[in-house]
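# Structure at a glance
What follows is the residue order along each chain.
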Amino acid sequence: MSSLGALDQATAVAERAAELAGEDWDVLAGPDAVAGVEAVVAARSFLDAALLRGIARVEATDAVRGLGWATVKDFLTHLTGGHKGSGGGLVRAVEQLRDLPEVQTALETGRVTLPQARAIAAKVHTLPRVPQFRTAVAGAMLDLVDTHGHDASDLQTAFSDVVRELDPDSAIVDAEKEKAKAERAAHHARHLSFAEDGHGGVRLKGYGTVEDAERIKATLHPLAAPVTTEPGACGGVSRRPGEAMFDENGVATSAPCLTPECGHDGRDPRQAGARLWDALVDACDRLAATDELPRDHGSKPRVVVLIDQDSLKQQVIDAGLARNGHTPTGARFSASAVRRMACDAEIIPSVLGAEGQVLDVGRAQRLVTAAIWMALVVRDRHCAFPGCTRMPLACDAHHVVHWADGGATSLDNLVMLCRHHHVLVHQTPWAVHIDPDTRQPVWTPPPRHTLDSLRGRATYRPARPRAA
């Protein structure tokens, strides 16, 4: 199929899919609806395969840089509207499947779905770099889909059994020569991510080398040691089975302390996993208290939590009217949690800036002050370019109207940009202005060609303006 033919096919499929989405599915009988859903899922699998082929070509041509995107994964995250980092997962799937042509073919022929293909590829790429062995494991996992209908979770669970069956003596997996290669592969695949569960918690997901893990454990384990005290130091009183709640003097024999699972016997009630988590937080707190961390535009890195004054007051919390606090990165805390954090924190009472902190130095100086930078972090949260989420530490303060052209160094003339997008804004037609009503940056992309019926060329979907 020619390049033009592939593009025509893609746009035609999009048009037909739009028609299908608008059909009246309510007229279908139950069995017909089931058949329709099965057909849509089959079509989506083929489209997923085509998407990966297209992503591979986008990477090879580096076309998105000309559109102002720092990486293909940033572009894909924006284009799909997925969770932050989801574009990176698609790029990683392309890279992994490139080394597993049998799995790639299985995806393109409808033998497996994209979740199944990604589960196989991700697991196989943790194996030593022995092509024949990797191919055999991938083939065995494909057979599990054919014979047992394994889904992505089943495939991940069955992976270890497949490896043991094909390498019963661990001659390949444990070979010293391959271990070194596997360690290098593990180093290149290292990552750490945080995913909120929507219920006030967060899950950590990561991968790295055994060497790095040992260094981390060597630091955390001393901090995770059980903390013992004298019996009753927690404020509670141990009560033996059958003992009354109060003694003859009216003194409570039950446990008034608030620590769950506490036996009031001086032993640390925390499980090993809880102690290790606390040790990680403790280690970060200790590091933040030193002068070792890089400075963030004149100020020490810190957690910034925004909340209105009324919600911070205890009486509003008691009345159930308090709003949640949130960080510039989007994490949310209950008002009670913010009050707890505020016990050991700097509180800046203001709309943006505290008394004595100037957020507009006009033409007096070009560089932003620490107070202006903090206000910029509060407003923009991260790089303000559409689709980019690089953290403030990797960003610059960009003057919307250049200082040399008479622009002031003030919050209403500044926007936070990572280095790549800072350079891009100065070298391309991308334009930004601060909305006078919302006081948020609003972006205007370069002009794009719009062709009737999408014939002959693909159109570029303009970046969505940042929400206020």
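Residues numbered from 1 in each chain as written. Predicted model: local features only at pLDDT ≥ 70, side-chain atom pairs only at ≥ 80, totals over all residues. Heavy atoms only, no water.

### Side note on the overall build of the protein
For the record, the criterion: Numbering of helices and strands runs from the N terminus; a helix is a DSSP stretch of H or I covering at least four residues, while a strand is a stretch of E covering at least two. Three exposure classes are used, based on accessible area relative to the maximum for each residue type with a 1.4 Å probe and protein chains only: buried under 20%, partly exposed in between, and exposed over 50%. Contact between two residues is taken to exist if any of their heavy atoms lie within 4.5 Å; hydrogens are not considered. Areas reported as accessible are Shrake-Rupley estimates using a 1.4 Å probe. Residue values count occlusion only from the protein chains shown.
In terms of regular secondary structure, the protein is built from 16 helices and eight strands. Relative to its full complement of 468 residues, the protein shows a buried share of 30%. For the protein, restricting intrachain contacts to residue pairs at least 6 apart in sequence, the fraction spanning at least 24 positions comes to 54%. On the protein, roughly 29,200 Å² of surface is accessible, and the fraction owed to carbon and sulfur atoms is 55%.

### Some details on a positive patch on the surface
The cut-off we apply is this: What goes into a patch is any residue over 30% in relative accessible area without a salt bridge, connected to like charges within 9 Å or, for nonpolar side chains (Val, Leu, Ile, Met, Phe, Trp, Tyr), within 5 Å. Any carboxyl oxygen of Asp or Glu within 4 Å of a side-chain nitrogen of Lys or Arg constitutes a salt bridge here. None of His or the chain ends enter the tally, which takes Lys and Arg as positive and Asp and Glu as negative. For the purpose of locating charges, the reference atoms are NZ of Lys, CZ of Arg, CG of Asp and CD of Glu.
The grouping of Lys-73, Arg-92, Arg-118 and Lys-205 at the surface amounts to a positive patch. Looking at the element boundaries, Arg-92 is found in helix H4 (residues 86–98). The partly exposed category is assigned to Arg-92, whose relative accessible area is 46%.

### Examining the pattern of salt bridges
The final tally for this structure, using the stated rule, is twelve salt bridges. The salt bridge involving Arg-111 is made with Asp-143; its shortest N-O contact spans 3.6 Å. Here Arg-111 is found in the loop between helix H5 (101–108) and helix H6 (114–124), whereas its partner Asp-143 is found in helix H7 (residues 131–148), with 32 residues between them in sequence. Classification of Arg-111 by relative accessible area gives partly exposed; the value is 31%. Close ionic contact of Asp-161 with Arg-164 constitutes a salt bridge, the shortest N to O distance being 2.5 Å. A residue pair is termed a helical-turn pair when its members lie 3 or 4 positions apart in one helix, as Asp-161 and Arg-164 do in helix H8 (residues 152–166) at three residues. We classify Arg-164 as exposed; its relative accessible area is 52%. Taken together, the salt bridges that share partners define one network made up of Arg-111, Asp-143 and Asp-146.

### Quick look at the packing of helix H2 (residues 30–61) against H5
Convention followed: Helix axes are fitted to C-alpha atoms over the stretch in contact, other axes to C-alpha atoms as well, and angles between N-to-C directions run from 0 to 180 degrees. An angle counts as roughly parallel when it lies under 35 degrees, as roughly antiparallel when it exceeds 145, as roughly perpendicular when it falls between 65 and 115, and as oblique in every other case.
Put simply, H2 and H5 touch, their axes get as near as 8 Å, and they point 130° apart. Classed by the angle they form, the pair H2 and H5 counts as oblique. Contacts from Ser-45, Phe-46, Ala-49, Leu-52 and Arg-53 of H2 reach H5 at Gln-104, Leu-107 and Glu-108.

### Considering the confidence of the model for the protein
For clarity, the threshold we go by: Every residue is assigned a pLDDT by the predictor, reflecting its confidence on a scale from 0 to 100.
This prediction gives the protein a mean pLDDT of 76; 73% of its residues lie at or above 70. Confidence drops under a pLDDT of 50 for residues 347–358, and excluding neighbours within four residues, the segment shows 14 contacts in the predicted structure. For the stretch residues 449–468, pLDDT sits under 50, and the model shows 39 contacts to residues farther than four places along the chain or on other chains.

### Some points on the packing of H4 against H6
The following threshold applies: By the definition used in this description, the sense in which the near helix is turned from the far one sets the handedness, with an anticlockwise turn below a right angle giving left-handed and a clockwise turn giving right-handed. Residue polarity follows a fixed list, in which Ala, Val, Leu, Ile, Met, Phe, Trp, Tyr, Cys and Pro are nonpolar, Asp, Glu, Lys and Arg are charged, and the others, Gly among them, are polar.
Closest axis-to-axis distance for the H4/H6 pair is 10 Å, and the angle between their directions is 65°. In the packing of H4 onto H6, the handedness of the crossing is left-handed. In this structure, H4 uses Gly-89, Leu-90, Ala-93, Gln-96 and Leu-97 to contact H6, whose residues at the interface are Leu-114, Ala-117, Arg-118, Ala-121 and Ala-122. Across the contact of H4 with H6, the residue classes break down as seven nonpolar, two polar and one charged.

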